[in-house]
There are 2 protein chains.
Amino acid sequence: MPKQTFFNLEPEKRQAIVEAALQEFAEHPFEQASLTKIVDSCGIAKGSMYQYFSDKLDLYLYIVDLAYEQKKAYVSRAFDSEGDIFAVLSEYYRLSYQFALDHPLLHQVANKFWDSRSPLLQTELEKGRLSRAKDFARVLAESMAEGKVNPGLDPEAVFFVYHAVGKELIDHFHQGCDDRFLQQVLDVLKFGLAARD
Amino acid sequence: MPKQTFFNLEPEKRQAIVEAALQEFAEHPFEQASLTKIVDSCGIAKGSMYQYFSDKLDLYLYIVDLAYEQKKAYVSRAFDSEGDIFAVLSEYYRLSYQFALDHPLLHQVANKFWDSRSPLLQTELEKGRLSRAKDFARVLAESMAEGKVNPGLDPEAVFFVYHAVGKELIDHFHQGCDDRFLQQVLDVLKFGLAARD
DNA sequence: CCCCTATGTGACCACCCAGTCATACCTACG
DNA sequence: CGTAGGTATGACTGGGTGGTCACATAGGGG
């Protein structure tokens, strides 16, 4: 968590720091991101950064959280949308893609975070995964109760699959992602590989 | 490609180098792996390494290739196994898991390679992805011809989904992976989320 | 005016890195 | 023996890193 000093800053200076950090963390994973470059690029002294944040990790987690919260706010309307679970999921990924287009830096930061392997980040990662799983589980449980979803499936396995595909989809956003392909991927998940009678 | 000098080495020395490198690259992605640690841990001089490999990347690609080839050899029998595509896929992931247990270092090296983002590695990554896609496409095409597979699906989207889920599964091998869960994940892919009549 | 506190600063520290190179070593051949 | 070519070596270079600290600045209250 940033120190109080950080929040005492004039907003524009705070913004400059956030933007410089976003830029760096969008480009490099935590370990390879350079604090030196961040302070250089936003024109503050190295020492000042340590008035605002206790260390590099503190800054990183603040930035990731910021990106993640913005994404959540952007994308969560999908869960309120009408229609069955398939409509919700389709909307969810469509919004995720839109977010990536609208806020490329935030998108990349959040995205890079998901494939961090540093032990320092494992607890944070697990926290994020759980929060996602909860939203998903709710929608899935509703649909299962309504009988629209294959009742033989294990909810955990379903979440696992959607999480995996979602990650990969989002990874591929940078190569563009026409709606048609997105729909086809969702169809694979919806109808399954086995032929239907 | 290693230099000739490397292949002139006594096999046990070569092996020591390979093992030290495997250890380091299993633990850290390319950029964070330390050549210095590798040479220290196998007891050769820094300069010697540059008699064998032109640079760090050269060594890395050699090691990754080695890991990848061993994995391919181990896992490819799945494609020769009898039964429909679902049996093949099940066997494929079972073998992948077995490989991870039998050769944890090779597994981790190959696995870390897949989520490299370094521009230096993009062409190599694409090569690997294509080679995997080809094997998969063959089996899929056969099954589609036989009518066992949902004909409405886009083969590219199918591969995309399986690639994503496979990556995530393999990522989670280190947490253990009972056969039951694996089967349930495959069922999600096989039967799809939508209820069947 | 001074003092006190909060904040800004950048030279500096200790460390780590990939890659180089002059030198030494080791054989094998003439 | 000498010499030539392949190989081993590790001190060294130049560059990067996160983090620190003694000092400078600023502003408010007495």
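Note that the structure is predicted; figures quoted are calculated from it, not measured.

Rules used in this analysis
Residues numbered from 1 in each chain as written. Chains lettered and ligands numbered in written order. Predicted model: local features only at pLDDT ≥ 70, side-chain atom pairs only at ≥ 80, totals over all residues. Heavy atoms only, no water. Axes fitted to C-alpha atoms, helices over the stretch in contact; angles between N-to-C directions. Helix = DSSP H or I, 4+ residues; strand = E, 2+ residues; numbered from the N terminus. Parallel < 35°, antiparallel > 145°, perpendicular 65-115°, else oblique. Left-handed = near helix turned anticlockwise from the far one by under 90°. Contact = heavy atoms within 4.5 Å. Nonpolar A, V, L, I, M, F, W, Y, C, P; charged D, E, K, R; others polar. Buried area = accessible area lost by both parts, 1.4 Å probe. Salt bridge = Lys/Arg side-chain N within 4 Å of Asp/Glu carboxyl O. Polar contact = N/O pair within 3.5 Å; in protein donor to acceptor, adjacent residues only side chain to side chain. Near = heavy atom within 4 Å. Least-squares fit on C-alpha atoms with pLDDT ≥ 70 in both.

1. Some remarks on the packing of helix α6 (residues 85-102) of chain B against helix α10 (residues 179-191) of chain B
Residue and element names in this part refer to chain B. Viewed as axis vectors pointing N to C, α6 and α10 meet at an angle of 140°, and their least axial separation amounts to 11 Å. The angle between the axes of α6 and α10 places the two elements in the oblique class. Here the hand of the crossing between α6 and α10 comes out right-handed. For the pair α6 and α10, contact is made by Phe 86, Ser 90, Tyr 93 and Arg 94 and by Asp 179, Leu 182, Gln 183, Leu 186 and Lys 190, respectively. For the contact of α6 with α10, the class distribution of residues is four nonpolar, two polar and three charged.

2. Topic: the interface of chain B and chain A
Counting residues at the interface gives 41 residues for chain B, matched by 41 residues for chain A. In total, chain B and chain A occlude about 3,800 Å² of area from one another, counting both sides; carbon and sulfur atoms represent 65% of this. Where chain B touches chain A, the interface holds six salt bridges. Arg 117 of chain B is paired through a salt bridge with Asp 115 of chain A; the nearest N and O atoms lie 2.3 Å apart. At the boundary of chain B with chain A, the tally comes to 18 residue pairs in polar contact (both at pLDDT 80 or more). Counting residues per element, the ones that place at least two in the side of chain B that touches chain A are α6, α9 (155-171) and α10 of chain B. The greatest single-element share of the side of chain B that touches chain A, amounting to 13 residues, is contributed by α9 of chain B. A class-by-class count of the residues in the side of chain B that touches chain A yields 22 nonpolar, seven polar and twelve charged.

3. Some thoughts on the protein's contact with DNA strand D
Taken together, 19 residues lie near DNA strand D, and Ser 34 and Tyr 50 of chain A together with Gly 47, Gln 51 and Tyr 52 of chain B sit nearest. Here a phosphate oxygen of DNA strand D sits 3.0 Å away from a polar atom, N or O, in the main chain of Leu 35 of chain A. Within the side chain of Asn 8 of chain B, one N or O atom sits 3.1 Å away from a phosphate oxygen of DNA strand D. Elements with a minimum of two residues in the surface near DNA strand D: α3 (35-42) and α4 (46-52) of chain A together with α1 (4-8) and α4 (46-52) of chain B. Among the elements that take part in the surface near DNA strand D, α4 of chain B stands out by supplying five residues, more than any other. Here the residues of the surface near DNA strand D are counted per class, giving six nonpolar, eight polar and five charged.

4. Observations regarding the relation of the copies chain B and chain A
With an RMSD of 0.1 Å, the operation that places chain B on chain A is a rotation of 180° combined with a shift of 0.0 Å along the axis. The symmetry that links the two subunits is that of a two-fold axis. Measuring from the rotation axis to each C-alpha of chain B, the shortest distance belongs to Gly 192 of chain B, at 1.7 Å. The residues that chain B uses at the interface reappear at the interface of chain A in 100% of cases, marking a shared surface.

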